[in-house]
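Structural overview for review
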Amino acid sequence: MWLRATIMALAGWLLLAGAAQAQTLILIQGYLGSAGGWRFSGVPPVLGMDGWQDAGHLTLGPQGVMAAPTVSKHPQRFYTLDLPTEAPIGEQARFLSYYVAWVKAKHKGSPIVLVGHSAGGVAARMYMVTSREPAVRALVTIASPHLGSGLANVASAISNSPLSMMAPFFGADTINRSGGLYHDLGEEAPYNLVGWLNRQRHPPAYYVSVIRSSDGTPFTGDDVTEAWRQDMRMVPALQGQAQSYTSPGGHGLRPEDGRLISEIVRSFGLDG
C-alpha cells in the first residue's frame, strides 16, 4: 500500500510539473541570420537533452504559415522560423506576428516565450510592444543591441553615401538592402526606432537579457556592441522590470546557450 501510494503521489507530482512547464519557445535569428543560425549553433540538441522537443521550422508563404515537419504535441517545444533579417525592425515584427498567431492557434493555452538573438531580440520586443499579445509571456534576448549600436551608425552612413554604389561590386550589396535596419538600430536617439521603442509602455511579461561578454565580465560586451547596450535593465521603459545574465564569448550563438535558455525559461514558472 505504501509503495502504491508513493508511486501515485510521484505520478501526480510529475503530471503537475509537466503541466506547469507547458510552453513554446520561438527562436528568432539576428541580422543576416537564418534558421540555420540556430540549428547549426548546437543549441537545439542541448535544448533537446534538457526536455524540449524540436517542433520544426516555420515559413511564411502565399497561403500563410507553413510548418515542417509536423505540429508537436509535446508540452515543451521550440520552433525556428524564416524572417527577412535585412528588413527594418517594424517589418520583421510584422512577419513575427504571423508566426506567433499560428503558434497560439496550434497550441491553445500554451505560454509563448520569444528568444531573440542579436537584432532578432529587438524585433521581438517591437512585436510585443505593438501587438500586446497576452499569449507571449516572456522575452529572452542574446547579445541584442537594445540601446543601439555604433556599428549600425557607421553602416547607415555608408548606405547613405556614394560608397553604397560600389558595394555590389564587392559582394556587399546587403549594405544597400539594409539601410532602414541600420537606421533603426543606430545608437539610441529621438529620431530612430530604438529611441522610440525604449520609451513605450511594454506589456506585462518576463524580460531577460543575456549579455555577451568577450572576456566574461559584465562590462566589456562583445565584438558588435557594448554590454550596457545589450542590457534591457538600461531601457527606460523597463527599469525595475528586466533581469540580465552575463555569458562569456563572442556575438554568435553557442551550444551552451541552450542550457542557459532552458534554465532561464524554467525559472519563470509559466503555466497555461
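Residues numbered from 1 in each chain as written. Predicted model: local features only at pLDDT ≥ 70, side-chain atom pairs only at ≥ 80, totals over all residues. Heavy atoms only, no water.

For the rest of this paragraph, the subject is the sheet that holds strand 8 (residues 242-248). Taken together, eight strands build an open sheet; the order of strands is 3-2-4-1-5-6-7-8 and the sheet is mixed. Each edge of the open sheet is held by one strand with a lone partner, namely strand 3 (64-68) and strand 8. Adjacent strand axes in the sheet meet at a mean angle of 25°, parallel and antiparallel pairs treated alike. When strand 2 (residues 53-61) meets strand 3, the two strands line up antiparallel, connected through five bridges. Bridge pairing links T59 to M66 in strand 3. Running at roughly 130° to strand 2, helix 4 (residues 89-106) makes contact with strand 1 (23-28), strand 2, strand 3, strand 4 (76-81), strand 5 (112-117) and strand 6 (136-142) of the sheet. (Pairing = 2+ DSSP bridges. Helix = DSSP H or I, 4+ residues; strand = E, 2+ residues; numbered from the N terminus. Axes fitted to C-alpha atoms, helices over the stretch in contact; angles between N-to-C directions. Contact = heavy atoms within 4.5 Å.)

Before going further, it helps to examine the side chain of T141. As for its placement among the helices and strands, T141 is situated in strand 6. Accessibility expressed as a relative area gives 0% for T141, which makes it buried. T141 has contacts with G116, G121, H146, V208, S209, V210 and M232, leaving out every residue within four places of it along the chain. (Buried < 20%, exposed > 50% of the residue type's maximum accessible area, 1.4 Å probe, protein only.)

So, about the pattern of salt bridges. Enumeration over the complete set of coordinates arrives at 11 salt bridges. The salt bridge involving E187 is made with R229; its shortest N-O contact spans 3.3 Å. With a gap of 42 residues between them, E187 in the loop between helix 8 (179-184) and helix 9 (193-197) and R229 in helix 10 (residues 227-230) connect regions that are remote in the sequence. The partly exposed category is assigned to E187, whose relative accessible area is 32%. Judged by relative accessible area, which is 8%, R229 ranks as buried. When salt bridges with common partners are traced through the structure, they connect D50, R259 and R266 into a single cluster. (Salt bridge = Lys/Arg side-chain N within 4 Å of Asp/Glu carboxyl O.)

To continue, consider the nonpolar core. Within the largest apolar cluster, 40 residues are counted, with the highest numbers of intra-cluster contacts made by I26, L96 and L114. Listing elements by their share of this core, those giving two or more residues are strand 1, strand 2, strand 4, helix 4, strand 5, helix 5 (119-131), strand 6 and helix 9. In contact with I26, not counting residues within four places along its chain, are Y79, L81, L96, V100, V103, I112, V113, L114 and V115. In this structure, W38, V43, V115 and A143 belong to the second largest nonpolar core, which totals 22 residues. (Core = buried A, V, L, I, M, F, W, Y, C linked by side-chain atoms within 4.5 Å.)

The subject of this paragraph is unusual backbone geometry. The backbone phi angle of S118 is positive, close to 55°, even though this residue is not glycine. Its place among the elements puts S118 in the loop between strand 5 and helix 5. Not every positive phi belongs to a glycine, and A143 is a case in point at roughly 55°. Summarising the element assignment, A143 is placed in the loop between strand 6 and helix 6 (150-159).

End to end, helix 4 covers 26 Å across 18 residues, agreeing with the expected 26 Å (1.5 Å per residue, within 8%). Of the residues making up helix 4, those classed as buried are I89, Q92, A93, L96, Y99, V100, W102 and V103. (Expected span 1.5 Å × (residues − 1).)

Further remarks concern the confidence of the model for the chain. On average, residues of the chain carry a pLDDT of 83, and 79% of them reach 70 or more. Every residue in residues 1-20 scores below 50 in pLDDT, and together they form four contacts with partners more than four places removed in sequence or on other chains. (pLDDT = per-residue confidence, 0-100.)

The next subject is helix 11 (residues 256-268). Two residues of an α-helix separated by three or four positions point the same way, owing to the 3.6 residues in each turn. The terminal C-alpha atoms of helix 11 lie 19 Å apart, and with 13 residues this matches the ideal 18 Å at 1.5 Å per residue to within 8%. Restricting attention to buried positions, one finds in helix 11 the residues D257, G258, L260, I261, S262, I264, V265 and F268. Looking one or two residues beyond helix 11, the residue adopting positive phi is G269, at roughly 65°.

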